[in-house]
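Letter by letter, the chains look like this.
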Amino acid sequence: MRKWWAALAGRYTEPVSVVVMGDSNSEGTGATTSVHRRWQQVLQAQLRARFQPPGVKGAAVPYISASPRMYLVPDDYERTATAGVGESSYGLGQRSATIPAGESVTMAFVGRHAKLHARKGPEVGRYRIVLDGGTPVVVDGAAQSGVNGQVIWDSGMLPAGRHTVQVSRDPSSKATAAAVYPEGLMTYDGDEAAGVRVVDSARGGAKVGDFIGLNAWNWYQPFGALPAKGLLILPWGANDATSGTSPEAFRAGLEALIVLARGNGFAGSVLLVHMPKRGTASEQVWADYRTQMEAIAGSDPDVAVLDLRARIPDQGTPEAAQLGVYVDEVHFTDRGQAMIADQIASAILPR
């Protein structure tokens, strides 16, 4: 964890980002009362309570996905879309929106600054961006070749408070450009140059293999563009274990993902999280996944393993039912979310 601790120590002069990749448990699916009860937000609050520099407030949700793939999250997740908006797999978490003519996505945030990340390419139309219901800004999404994670619009400094950003396909787009593909809104509240941020780069339903190989190009450019990445948290396994991914393939996938991250500007620490066992997962496969995680950490000085299974009961056990940890066969209640955040916070604190 020393690279993470060193990055955290630099929080007074640059923002230090914790990036979370994984599946719906990484997204925080199951939180019921507020998006701020997702374990990512709880972890961020705990880190900020101890380490946020004086005078730096920080965005509550640093990255707001434009994708309708964000499912089973509370109604206060600040993104709405018209009925014809689809999903595509560009950007952080391989989550972006597909907005054809006549449709729109609106993202809201509380803060003073925002940047819109989106895809550009030969098939992309012109983005029409409206801040707080004001005058539209049109940005051409055309490019000779496809590229993701591009900052196509910057709000500049705004009055403190709640703001909305509506994105649509401008009518002036070429007829051959059927849609635009916003990925998400990076938001700030005084934390552009200092402080601690937890950035969501997860994708519900994903397996680790969905982020490597030919799929990697969807996310690695946006990931590389994130500033001051100090820690990468990888709580994989729930979907792999129930979809036939062998322990050997699971290890190879994690190793490939780490290589990809490092090849795109990541020089921090990696935390592999062995989650409590999903109810329908094989006991042997789940144990073998932990063995493979430990083998990766044993051969890489910048990788650590946190065994949450030793701290939080498995789904389907009497203890889990008594404690009220799970909302369904795999996802966690607000209480379970907080338990995850508490354990991760304890594991990554400098010591």
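See the structure above.
Note that this is a predicted model, so its numbers are computed, not measured. (Residues numbered from 1 in each chain as written. Predicted model: local features only at pLDDT ≥ 70, side-chain atom pairs only at ≥ 80, totals over all residues. Heavy atoms only, no water.)

A few words on the overall build of the protein. Helix and strand content of the protein: eight helices and 17 strands. The C-alpha radius of gyration of the protein comes to 20 Å, within 12% of the 20 Å expected for a compact globule of 351 residues. Seen along its three principal axes, the alpha-carbon backbone of the protein occupies a region of about 55 × 45 × 40 Å. Each of the 351 residues in the protein was classed as buried or not, and the buried ones make up 56%. Of the contacts made within the protein by residues no fewer than 6 positions apart, 77% connect residues no fewer than 24 positions apart. Accessible surface, the protein: about 13,400 Å² in total, of which carbon and sulfur atoms supply 52%. (Helix = DSSP H or I, 4+ residues; strand = E, 2+ residues; numbered from the N terminus. Rg over C-alpha atoms; globule rule 2.2 N^0.38 Å. Buried < 20%, exposed > 50% of the residue type's maximum accessible area, 1.4 Å probe, protein only. Contact = heavy atoms within 4.5 Å. Areas by Shrake-Rupley, 256 points an atom, 1.4 Å probe, with all protein chains shown as cover.)

Reading across the sheet, the five strands line up as β3-β6-β11-β8-β9 and stay open at both edges, with antiparallel pairing between neighbours. The open sheet has two edge strands, β3 (79-81) and β9 (137-140), and neither has a second partner. Neighbour-to-neighbour, the strand axes of the sheet open up by a mean angle of 20°, direction not taken into account. When strand β8 (residues 126-131) meets β9, the two strands line up antiparallel, connected through four bridges. Bridging across to β9, Ile129 finds its partner in Val137. (Pairing = 2+ DSSP bridges. Axes fitted to C-alpha atoms, helices over the stretch in contact; angles between N-to-C directions.)

Strands sit in the order β2-β13-β7-β10 across an open sheet of four strands; the sheet is antiparallel. The open sheet has two edge strands with one neighbour each: β2 (63-65) and β10 (147-154). In this sheet, neighbouring strand axes are inclined to one another by 25° on average, regardless of whether the strands run parallel or antiparallel. By the bridge criterion, three bridges tie β2 to strand β13 (residues 182-188) in an arrangement that is antiparallel. Residue Ser65 lies in a different strand from β13, and its bridge partner there is Gly184.

Roughly 180 Å³ of volume is contained in the largest pocket. Residue lining of the largest pocket: 13 residues in total, with His36, Val61, Glu78, Phe109 and Val110 positioned closest to the centre. The class makeup of the residues in the lining of the largest pocket is nine nonpolar, two polar and two charged. (1 Å grid on protein atoms, 1.4 Å probe; cavity = no way out; pocket = protein on both sides within 12 Å on 5 of 7 lines; lining within 4 Å. Points joined across faces, edges and corners; volume = space filled by probe spheres on them. Nonpolar A, V, L, I, M, F, W, Y, C, P; charged D, E, K, R; others polar.)

Under the counting rule described, the total for this entry stands at two cavities of 30 Å³ or more. For the largest cavity, the lining is made up of 15 residues, of which Asn25, Ala238, Met275, Pro276 and Val330 are closest to its centre. In this structure, the second largest cavity is lined by Tyr63, Leu92, His117, Glu183, Met186, Pro222 and Leu226. The class makeup of the residues in the lining of the second largest cavity is five nonpolar, one polar and one charged.

Bringing the nonpolar core into the picture now. Counting residues in each nonpolar core, the largest one holds 64 residues, and the members touching the most others are Leu232, Ile233 and Leu257. With six residues, the single largest contributor to this core is helix α8 (residues 334-348). Among residues more than four places away in sequence, those in contact with Leu232 are Val19, Met21, Phe223, Leu257, Ala261, Phe266, Ser269, Val270 and Leu271. Ala66, Phe109, Leu116 and Trp153 belong to the second largest nonpolar core, which has 29 residues in total. (Core = buried A, V, L, I, M, F, W, Y, C linked by side-chain atoms within 4.5 Å.)

Our next topic: the packing of helix α5 (residues 247-262) against helix α6 (residues 283-299). Helix-helix packing is described using two parameters, namely the angle between the two axes and the distance between the axes. Contact pair α5 / α6: the axes reach a minimum separation of 9 Å and the direction vectors enclose 40°. Put simply, α5 runs oblique to α6. Considering how the two elements wind past one another, α5 and α6 form a crossing that is right-handed. On α6, the residues touching Pro247, Glu248, Phe250, Arg251, Leu254, Glu255 and Ile258 of α5 are Asp288, Tyr289, Gln292, Met293, Ala295, Ile296 and Ser299. When grouped by side-chain class, the residues that make up the contact of α5 with α6 number eight nonpolar, two polar and four charged. (Parallel < 35°, antiparallel > 145°, perpendicular 65-115°, else oblique. Left-handed = near helix turned anticlockwise from the far one by under 90°.)

With respect to the helices, strands and loops of the structure, Ser201 is situated in the loop between β14 (196-200) and α4 (220-225). Those residues in contact with Ser201 that lie beyond four places of it in its chain are Val19, Val20, Met21, Gly22, Leu92, Gly93, Arg95 and Phe211.

In this section: the packing of aromatic side chains. Applying the stated criterion to the full structure yields nine aromatic pairs. Both rings, one in Phe211 and one in Trp236, keep their centres 5.4 Å apart while their planes meet at 65°; by these two values the pair is edge-to-face. Placement of Phe211 in the loop between β14 and α4 and of Trp236 in the loop between β15 (229-234) and α5 is noted, with a sequence separation of 25 residues between them. Judged on exposure class, the residue Phe211 and its partner Trp236 are both buried. Ring geometry for Trp219 versus Phe223: centroids 5.6 Å apart, planes at 80°, classification edge-to-face. Owing to a relative accessible area of 0%, Phe223 belongs among the buried residues under this scheme. Among the aromatic residues, those joined into a cluster by ring pairs are Phe211, Trp219, Phe223, Trp236 and Phe266. (Phe/Tyr/Trp six-rings, centres within 6.5 Å; stacked < 30°, edge-to-face > 60°.)

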